[in-house]
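# Descriptive analysis of the structure
Spelled out, the chains give:
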Amino acid sequence: MWDQIKDALYGATHRVLVGVANFLPGLLALVLAVLLSSLLGWLLGALLGFILRALDFDKRLQKWGGVALAEWSPKNSPTLLLRKAVAWTVVVLGWLVGLTAFGAGVTPQLIPHVVESLPNLGTAIIVVLLGVLLARFLCRAVLISAVNMQIQSARLLSLAVKWLVLVFAAAMALDHLRVGGDIVRLGFAILFGGIVLSLALAIGLGSKEIVSRSWERQTQSKPEPSDDALKHL
Amino acid sequence: MQDPDLTERIVPATHAPPATTAIVVGVPSCNHAGTVALVLRTAQAGLGEFGSGQSSLLVSADSHSSDGTREQVRGLRGENPLLREMGPADGAAGGASPGVEIRELRMILELALQVRARACLVLDASLTSMGAGWVAQLLRPILDDQFDIVAPCFARHKLDGGISNGIVYPLTRALYGKRVRQSLGSVFALSGRLVERFLARRVWDIEVSALGTDARAVTEAICGEYAVCQVFLGPAEHAASGPSLDLSSILAGVLGSVFDEMNRNVAFWQKVRGSEPVRWFGTPVEIGGSAPPVDAHKMWESFRLGCRTLQDVWAAVLPPATLLALKYLARDDSAGAGLADDLWARIVYDFALGYRLHVMNRGHLLRALTPLYLGWLASFVREMGAAPAQDVERRVQQLSMVYEAQKPYLISRWRWPDRFNP
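Predicted, not measured: the structure shown is a model, and the values here were computed from it.

Within chain B, the secondary structure is distributed over 18 helices and 10 strands. For chain B, with 422 residues in total, the buried portion stands at 59%. When contacts within chain B are restricted to residue pairs at least 6 apart in sequence, those whose partners lie at least 24 apart make up 84%. In the structure as shown, chain B presents an accessible area of about 16,100 Å², 52% of it carried by carbon and sulfur atoms.

The element helix α5 (residues 133–143) of chain B is largely enclosed, with a buried count of eight among its 11 residues. The complete set of buried residues in α5 of chain B reads W134, V135, A136, L138, L139, P141, I142 and L143 of chain B.

Take the pattern of salt bridges next. Residues and elements named next belong to chain B. Across all of its chains, the model carries 19 salt bridges over all chains by this definition. Between R181 and E393 there is a salt bridge, with the nearest N and O atoms lying 2.8 Å from each other. A residue pair is termed long-range when its members are at least 10 positions apart, and R181 in the loop between β6 (178–179) and β7 (188–191) and E393 in helix α17 (residues 389–405) qualify at 212 residues. Under the relative-accessibility criterion, R181 is labelled buried at 8%. Note that R394 and D391 form a salt bridge whose closest N and O atoms lie 2.8 Å from each other. With R394 and D391 both in helix α17 and three residues apart, this pair spans about one turn of that helix. By relative accessible area, which is 29% here, D391 ends up partly exposed. Bridged by salt links that share partners, the residues R197, R216, E220, D260, E261 and R264 form one connected network.

Residue and element names in this part refer to chain B. Taken together, the eight strands give an open sheet; going across it, the order is β3-β2-β1-β4-β7-β5-β8-β10, and neighbouring strands pair in mixed fashion. At either margin of the open sheet sits one strand with a lone partner, and together these are β3 (84–86) and β10 (279–281). Strand-to-strand twist of the sheet, defined as the mean angle between neighbouring strand axes without regard to direction, takes the value 25°. In this sheet, strand β2 (residues 56–61) lies alongside strand β1 (residues 23–28) in parallel orientation, the contact comprising six bridges. What sits directly across from V24, in β2, is L57.

Turning our eyes to something else, we now look at empty space enclosed by the protein. Residues and elements named next belong to chain B. By the definition in use, this model includes one cavity of 30 Å³ or more. Roughly 60 Å³ of internal volume is contained in the largest cavity. What lines the largest cavity is V168, T172, Y176, G212, A215, R216, T219, S257, V258 and E261. For the lining of the largest cavity, the secondary structure elements donating two or more residues are α6 (162–176), α8 (213–223) and α9 (247–264). The residue inventory of the lining of the largest cavity, partitioned by class, reads four nonpolar, four polar and two charged.

Attention shifts here to the pairing of strand β5 (residues 149–155) of chain B. All names here are of chain B. Among the seven residues in β5, seven count as buried, and that is most of the element. Side chains I149, A151, C153 and A155 project from β5 onto one buried face, and the interleaved V150, P152 and F154 project onto a second face that is buried too. Both β5 and β7 contribute to a ladder of two bridges, which runs antiparallel. Note that in β7 the partner of V150 across the bridge is A189. The sheet contact formed by β5 and strand β8 (residues 228–235) spans seven bridges and is parallel. Looking across to β8, one finds that I149 is bridged to V228.

Next up on the list: the packing of α9 of chain B against helix α16 (residues 370–384) of chain B. All names here are of chain B. Contact geometry for α9 and α16: axes closest at 10 Å, N-to-C directions at 100°. Taken together, the axes of α9 and α16 are roughly perpendicular relative to one another. Across the interface between the two elements, L247, S248 and L251 of α9 pack against T370, Y373 and L374 of α16. Residues belonging to the contact of α9 with α16 are distributed by class as follows: four nonpolar, two polar and no charged.

Attention now goes to the side chain of Q182 of chain B. Locating Q182 of chain B in the fold gives a position in the loop between β6 and β7. What Q182 of chain B contacts, discounting residues up to four positions off in sequence, is A151, P152, C153, F154, R156, S164 and Q230 of chain B.

This brings us to the interface of chain A and chain B. Contacts between the two partners involve 22 residues from chain A and, on the opposite side, 41 residues from chain B. One salt bridge connects R155 of chain A with D312 of chain B, and the closest N-O pair in it is separated by 4.0 Å. Linking chain A with chain B are eight residue pairs in polar contact (both at pLDDT 80 or more), by the criterion used here. The set of elements that each furnish at least two residues to the side of chain A that touches chain B consists of α2 (57–63), α3 (67–72) and α6 (118–148) of chain A. The greatest single-element share of the side of chain A that touches chain B, amounting to seven residues, is contributed by α6 of chain A. When grouped by side-chain class, the residues that make up the side of chain A that touches chain B number 10 nonpolar, five polar and seven charged.

What follows concerns the side chain of D214 of chain B. Residues and elements named next belong to chain B. Counting through the fold element by element, D214 comes out in helix α8. For the buried D214, which has no salt bridge, the nearest side chain bearing the opposite charge is R216, at an N-O separation of 9.0 Å. A distance of 2.6 Å separates a polar atom in the side chain of D214 from the backbone nitrogen of S186. For D214, the residues in contact, after removing those within four places along its chain, are S183, L184, G185, S186 and F188.

Let's shift gears to the environment of A117 of chain B. Residue and element names in this part refer to chain B. Take A117: it is sitting in the loop between α4 (100–114) and β4 (119–122). Looking at A117, the relative accessible area reads 10%, which means it is buried. Beyond its immediate chain neighbours, meaning those up to four positions away, A117 contacts T21, A22, V24, A112 and G192.

Next up on the list: the packing of aromatic side chains. All names here are of chain B. Going through the model one piece at a time under the given rule, you end up with 11 aromatic pairs over all chains. Ring geometry for F232 versus W280: centroids 4.2 Å apart, planes at 5°, classification stacked. Note that F232 is positioned in strand β8 and W280 in strand β10, a separation of 48 residues in sequence. Overall, the relative accessible area of 15% leaves F232 in the buried class. By the ring-pair criterion, three or more aromatic residues cluster together here, those being W344, Y373, W376 and F380. Across from the ring centre of Y409, 5.9 Å away, lies the NZ or CZ of R346, which sits over that ring. We note R362 situated over the ring of Y355; from NZ or CZ to the ring centre the distance is 4.0 Å.

On to a nonpolar patch on the surface. The grouping of L40, L44, L47, F50, I51 and L55 of chain A at the surface amounts to a nonpolar patch, some 580 Å² of accessible area in total. By secondary structure assignment, the location of L47 of chain A is in helix α1 (residues 2–54).

Its identity as a non-glycine residue notwithstanding, Q150 of chain A has a phi of 60°, on the positive side. Locating Q150 of chain A in the fold gives a position in the loop between α6 and α7 (154–177). A relative accessible area of 31% places Q150 of chain A in the partly exposed class. Located in the positive-phi region is Q146 of chain B, a residue other than glycine, with phi close to 60°. Take Q146 of chain B: it is sitting in the loop between α5 and β5.

The rules we used
Residues numbered from 1 in each chain as written. Chains lettered and ligands numbered in written order. Predicted model: local features only at pLDDT ≥ 70, side-chain atom pairs only at ≥ 80, totals over all residues. Heavy atoms only, no water. Helix = DSSP H or I, 4+ residues; strand = E, 2+ residues; numbered from the N terminus. Buried < 20%, exposed > 50% of the residue type's maximum accessible area, 1.4 Å probe, protein only. Contact = heavy atoms within 4.5 Å. Areas by Shrake-Rupley, 256 points an atom, 1.4 Å probe, with all protein chains shown as cover. Salt bridge = Lys/Arg side-chain N within 4 Å of Asp/Glu carboxyl O. Pairing = 2+ DSSP bridges. Axes fitted to C-alpha atoms, helices over the stretch in contact; angles between N-to-C directions. 1 Å grid on protein atoms, 1.4 Å probe; cavity = no way out; pocket = protein on both sides within 12 Å on 5 of 7 lines; lining within 4 Å. Points joined across faces, edges and corners; volume = space filled by probe spheres on them. Nonpolar A, V, L, I, M, F, W, Y, C, P; charged D, E, K, R; others polar. Parallel < 35°, antiparallel > 145°, perpendicular 65-115°, else oblique. Polar contact = N/O pair within 3.5 Å; in protein donor to acceptor, adjacent residues only side chain to side chain. Lys, Arg positive; Asp, Glu negative; His and termini not counted. Phe/Tyr/Trp six-rings, centres within 6.5 Å; stacked < 30°, edge-to-face > 60°. Lys NZ or Arg CZ within 6 Å of the ring centre and 35° of its normal. Patch = residues over 30% accessible without salt bridge, like charges linked within 9 Å, V, L, I, M, F, W, Y side chains within 5 Å.

And the structure:
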């Protein structure tokens, strides 16, 4: 009886230790790969930053007309953006190497899948980037125009436009990556439809007189009466 | 030197002009069916009254009107067979676009050069208050006194011309050192040699906006060290053609031209210190009727709204001390303290620098100045609303001197934009 218990305990311990012995090298390899890639990413990023700063890249880009990139970049610095992009690419590659070392059964399928989806991923990233640029541009344009039209809720209006464009870009990117499937499409349609409906109701019910007066002026081609008789020029 | 694209579009005249013509009077137009005939008739009468005995040519340049302006001009040919019409040979009409009048202006200058004109007068087709005497008043300084450009100074109500009084005049005076009171007159006369220079330098090749074309002409003449003078004229009333521009579009159009000129002539204005008067012709004309009522409170509220919401946009252009001063001012619900002259001058200089450095989309940048301009205007109206016209003029001169005093700030920021500016 005692021998059987002892055998069972030895067997279990043996299996656990074998499991740990099989698991540990992979885990250590993952940790090592992540640490090394982080270090390498940081080094490469720093080196790139040093070179770009020496070339006065930010100012040159501004002269070449890359204002949009500068505006989108963290702290308005395209150098910082490129530095971070390089560093994070190396870190992501390090994770992939680490995962390959960690679980031979999972990652051989993961790597080709990741490689296959890279073009889609690239397109989705471009869609998101363009969406962010457009959102920032429209947000500022709406904000300035609304303030100049003396609309008190100018900030709210500009934020609404910004998030509408961002959500639209995100929905397009997710749809392109085939993430979420119909849920994303339906979610976006409900959100967008809801906004349009609420705006239509607000205008239709709340400001019908203003709209009808404005429409009347448009159709009769009458100039809008100005309450400011001053000539500015 | 001639632009072949433009020459091709000139409609052959029924009567060819003489090989040399002393005076060319040009009217660039775009959808001005209501007023173009009046301006052309008045110009014709003015040329008759002038009677200098020199050959003259009256030209209407139009390539985009779709409201019957060209039909109006053609109708006038019966009255004046020497009237020349310039535009696309096929007669195709297009939509009105910003800068379209610049193209027409270039056509007129090309013709003036072709006929070796001694003087070229450019008139605004939207004028409804033009007098026949204006033609002689604008042309005489060129033909008799050898000036190269004549800028008009229209009679106006004391608070009118806020953009001119608060920005364009003080800025132009501080930058280029000449006191040209109204460079945004939309009417000007040029000498033959200045026409040649403008075409050679391709001054109007950058078609930014039709607004500020006149200011560009004056600036280029000053920077080329040509003789500049100004003439007092009566009030200038304009008829609206098409949808009227809102204030921020006007501001963006005018300042776009002024700031472009600043960028083009850096080497000139950085050497200029102080300013000198420019010779006047004629006598000041009093404007009749009472000044229109102005709501300064509404302007100040626009400024306060801008201060509450546009801080992030302004932060890209203005230094922290200016932003703080603006925040402090915006706490006041009446324009009690108002924008101090030195603060206002520095704001305009900072926006000029922001325009040069392209810190954001230039249209956004210029439009973001609107609430600040309204804040300045509200302060100005509060201060000068009850004052006589002479005091208002004195106040504008005082503001201009502050612009001159603040010029070292502009030069310093222009040369070292990255230097810390608290």
